[in-house]
Amino acid sequence: PGTYGEAGIVMEVGTGTILYAKNIDAHEYPASITKVLTALVALENGQLTDNVTFSHDSVAFLQRGDSSVGLKEGNVITLDQAMHAMLLASANEAAYAIGESVGVNAGHDYNWFIEQMNSRCKELGGENSNFANTNGLHDPNHYTCARDMALIGRELFKHPEFFQIVQTLNYTIPASETTEEHVFHQKHKMLQPSNSNGKTGYTSDALSTLITMADNGQTQLVCVVLRTHGKNIYPDTTNLFEYAFNNFTKVDVTTQEKSEDIETFLTEDGQSGPNYVMLPNGVDFTALDQKITQDTEDSSTGIVTYSYDGHELGTAKVKLSKSYLKAHTDSTQDESKSSGHDNSKKQTKSGKHLSLGTTKGKVILGLSILLVILIITFIATVFRIRKKSNKRKSNKRKKQ
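Residues numbered from 1 in each chain as written. Predicted model: local features only at pLDDT ≥ 70, side-chain atom pairs only at ≥ 80, totals over all residues. Heavy atoms only, no water.

Participant: Tell me about a nonpolar patch on the surface, and name the residues and values.
Facilitator: Where nonpolar side chains cluster on the molecular surface, the patch consists of Leu371, Ile375, Phe378 and Ile379 and spans about 440 Å² of accessible area. In this fold, isoleucine 375 is placed in helix H10 (residues 359-399). On the accessibility criterion, isoleucine 375 (45% relative accessible area) is partly exposed. (Patch = residues over 30% accessible without salt bridge, like charges linked within 9 Å, V, L, I, M, F, W, Y side chains within 5 Å. Areas by Shrake-Rupley, 256 points an atom, 1.4 Å probe, with all protein chains shown as cover. Salt bridge = Lys/Arg side-chain N within 4 Å of Asp/Glu carboxyl O. Helix = DSSP H or I, 4+ residues; strand = E, 2+ residues; numbered from the N terminus. Buried < 20%, exposed > 50% of the residue type's maximum accessible area, 1.4 Å probe, protein only.)

Now the structure itself:
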C-alpha cells in the first residue's frame, strides 16, 4: 500500500519478520512515541507501586503548548499513575519525572535513565537511534528510525501491564495530600481495547508519528509510521495493518518441513515445540529458501532461516539430524586436511597431498637426492677441468 508517511514498517512480533518496509533505517524525529521506550525502561527498572516525585526540573522545562496534565513541583504519585498520564495524555512532565524518579530509586539519576534508554535500544537490535530525553520534545540529537521503534514495540509485548495501561480510555489521578485531582483520556483515536494499542506523537519537526500494536487473535503486529504529512497517520496505519493481516499467514513449519537435515524443532527453552513463519499468501512452503546454521561447530542444534525472494520470513531453533551432523563433521575434517594443517603431509601445486611414507613418495625422494648428487658431481668435474687448463697455461708462460 502507498503511505503518506516518509517512513513506515510492519513487524510480526513472534518472529520479528518485516512484512512492510519504507525507509525503515532513515533517521527521523520520534516526537512523543519516545514515551514507549521510556515506559519499557521504567517497567524493567521499577515497580508500578513506586513513588514518582515531581522535582523542579521535571516541570521547569515546559513551554506554552507542550502536552501536559498540569502536574506540579512537589506532587508525588505512583509510577502506575504517572505512566497513565504519560501514555494516555502524553504528559511531558510525567515522562521526565518517571525517568528521574526511576533513576533515583535505582541509586542513580535522570541521566542514567537516558543511558538505559539508549543501551536498551541497542540490545534490542536498534542501530539508528539516539535518545536525549524521555518525552520526545525536539532535540537535534534525539532521533530514531522505524525499524528501531518496531523492535521496542515488539519487546513491550512481554509486559502485559503496559497494555493494561494503554487500553484505558479514561483515567483519574485522585487528590491526595501532595496532589490535586487530574482527569484525562486516551488520545489514540484508533484504540479498540480488544485488539490495538499505541502511542501518537507530533512536533513541527517530526510531523505526525504513530506506533501501534495490534492482535487479531492469531497474529501480533507492530506498525510504526514516521514523519507523516497531514492527518494521515491513522489511515496509513489502518491500511498497513489490513495489508499485513490479509496478505500473510502464520504457517507452522513443524507440519511442513520435510528436510532430512532436521530431527525436530525446539522452543526457546530447548523443548520440542511448534515454530512458524509468516508465509505470503499464494506462496507454497516448498518455495522457501532454507539455510541452516549450527550453534557451534560441534553442536547438535542450530538455527534454520526461511526466506522468500530474498526476504526473511522467520527462523526456528532445531535439533539437527545424525545424517546432517555426520556429513558436516566429515566435511569439516576434509577441509581441515586440505588446508595443510597435517604436518606429516606436504602439498603439491595441484593441491593434492603427498605422504612421504608411501612408495611413490620414497621413489620421488630418491630421484630428488640422485639429481642433487649429479649436479654436485657435474660442478666438481667442471671445476677440475678448469683447474688443469689454468695450470697448463701457467707452465707454458714460464717456458717462454
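Participant: I'd like a rundown of the packing of helix H3 (residues 79-88) against helix H4 (residues 92-105), residues and numbers included.
Facilitator: With their axes 8 Å apart at the nearest point, H3 and H4 run at an angle of 145° to one another. Considering the relative orientation of H3 and H4, their crossing is left-handed. Within the contact between the two elements, H3 uses Leu79, Ala82, Met83, Ala85 and Met86 and H4 uses Ala94, Ala95, Ile98 and Val102. Across the contact of H3 with H4, the residue classes tally to nine nonpolar, no polar and no charged. (Axes fitted to C-alpha atoms, helices over the stretch in contact; angles between N-to-C directions. Left-handed = near helix turned anticlockwise from the far one by under 90°. Contact = heavy atoms within 4.5 Å. Nonpolar A, V, L, I, M, F, W, Y, C, P; charged D, E, K, R; others polar.)

Participant: Tell me what's going on with the confidence of the model for the protein, and back it up with residues and numbers.
Facilitator: Confidence in the prediction for the protein averages 83 pLDDT; 78% of positions are at 70 or higher. Low pLDDT (under 50) marks residues 192-196, which in the prediction has ten contacts with non-local residues, meaning those over four places away or in another chain. Confidence drops under a pLDDT of 50 for residues 198-206, and excluding neighbours within four residues, the segment shows 39 contacts in the predicted structure. (pLDDT = per-residue confidence, 0-100.)

Participant: Explain the nonpolar core to me, and be specific about the residues and the numbers.
Facilitator: Met83, Ile152, Phe162 and Val224 are the most contacted members of the largest nonpolar core, which totals 61 residues. Once you skip the residues sitting within four places of it in the chain, methionine 83 turns out to touch Ala39, Ala42, Leu43, Leu48, Leu88, Ile98 and Ile165. (Core = buried A, V, L, I, M, F, W, Y, C linked by side-chain atoms within 4.5 Å.)

Participant: Residues and numbers for helix H5 (residues 110-123), please.
Facilitator: Between its first and last C-alpha atoms H5 spans 20 Å; for 14 residues at 1.5 Å apiece the expected length is 20 Å, and the two agree. Of the residues making up H5, those classed as buried are Tyr110, Trp112, Phe113, Ile114, Met117, Asn118, Arg120 and Cys121. Packing partners of the buried residues in H5 comprise helix H1 (34-45), H4 and helix H6 (146-156). The N-capping residue of H5, defined by a side-chain oxygen 3.3 Å from the backbone nitrogen of asparagine 111, is aspartate 109. A positive phi of about 105° marks glycine 125, the residue just after H5. (Expected span 1.5 Å × (residues − 1). Polar contact = N/O pair within 3.5 Å; in protein donor to acceptor, adjacent residues only side chain to side chain.)

Participant: Go over the environment of glycine 302 with me, naming the residues and quoting the values.
Facilitator: Structurally, glycine 302 can be placed in strand E14 (residues 301-308). As for glycine 302 and isoleucine 262, which are separated by 40 residues in sequence, their C-alpha atoms are 9.4 Å apart. With near-sequence residues (within four places) excluded, glycine 302 lies in contact with Thr293, Gln294, Asp295, Ala316, Lys317, Val318 and Leu320.

Participant: Please set out the sheet that holds strand E15 (residues 311-320) residue by residue, giving values where relevant.
Facilitator: Taking strand neighbours across the sheet as the criterion, the four strands line up as E11-E15-E14-E13 in an open arrangement whose pairing is antiparallel. In this open sheet, the two strands that pair with only one neighbour each are strand E11 (262-266) and strand E13 (289-294). With strand direction ignored, the average angle separating the axes of adjacent strands in the sheet is 40°. Pairing analysis gives six bridges linking E13 to E14, with the strands arranged antiparallel. Bridge pairing in E14 places glutamine 294 opposite glycine 302. (Pairing = 2+ DSSP bridges.)

Participant: How would you summarise the environment of methionine 117 if you had to cite specific residues and measurements?
Facilitator: Of note, methionine 117 is situated in helix H5. When its relative accessible area of 0% is taken as the criterion, methionine 117 is described as buried. Along the primary structure methionine 117 and leucine 37 are separated by 80 residues, whereas in three dimensions their C-alpha atoms are 6.6 Å apart. Setting aside anything within four residues of it in sequence, one finds methionine 117 in contact with Thr34, Leu37, Thr38, Val41, Phe131, Asn133 and Thr134.

Participant: An account of the pattern of salt bridges is needed here, citing residue identities and associated values.
Facilitator: One pass over the structure, following the stated rule, counts nine salt bridges. For glutamate 6, the salt bridge goes to arginine 227, with nearest N and O atoms at 3.4 Å. Taken together, the positions of glutamate 6 in strand E1 (residues 5-12) and arginine 227 in strand E9 (residues 220-228) put the pair 221 residues apart, joining distant regions of the chain. Among the salt bridges present, the one from lysine 319 reaches glutamate 263, with a minimum N-O distance of 3.5 Å. Separated by 56 residues along the polypeptide, lysine 319 in strand E15 and glutamate 263 in strand E11 bring together distant segments of the chain. On the accessibility criterion, lysine 319 (33% relative accessible area) is partly exposed. Taking relative accessible area as the criterion, glutamate 263 reaches 45% and is therefore assigned partly exposed. Through salt bridges with shared partners, a single network forms among Glu44, Arg120, Glu123, Glu155 and Lys158.

Participant: Could you give me a rundown of the packing of aromatic side chains, with the residues and numbers involved?
Facilitator: The relative placement of two aromatic rings is captured by the distance of their centres and the angle of their planes. Here the structure, examined in full by the defined rule, presents eight aromatic pairs. Seen from their ring centres, tyrosine 243 and phenylalanine 248 are 5.9 Å apart, and the 85° between their planes marks the pair as edge-to-face. Classification of phenylalanine 248 as buried rests on a relative accessible area of 13%. Taken together, the ring pairs in this structure connect Phe61, Tyr96 and Tyr110 into an aromatic cluster. Positioned above the aromatic ring of tyrosine 276 is the side chain of lysine 250, whose terminal nitrogen or guanidinium carbon lies 4.5 Å from the ring centre. (Phe/Tyr/Trp six-rings, centres within 6.5 Å; stacked < 30°, edge-to-face > 60°. Lys NZ or Arg CZ within 6 Å of the ring centre and 35° of its normal.)

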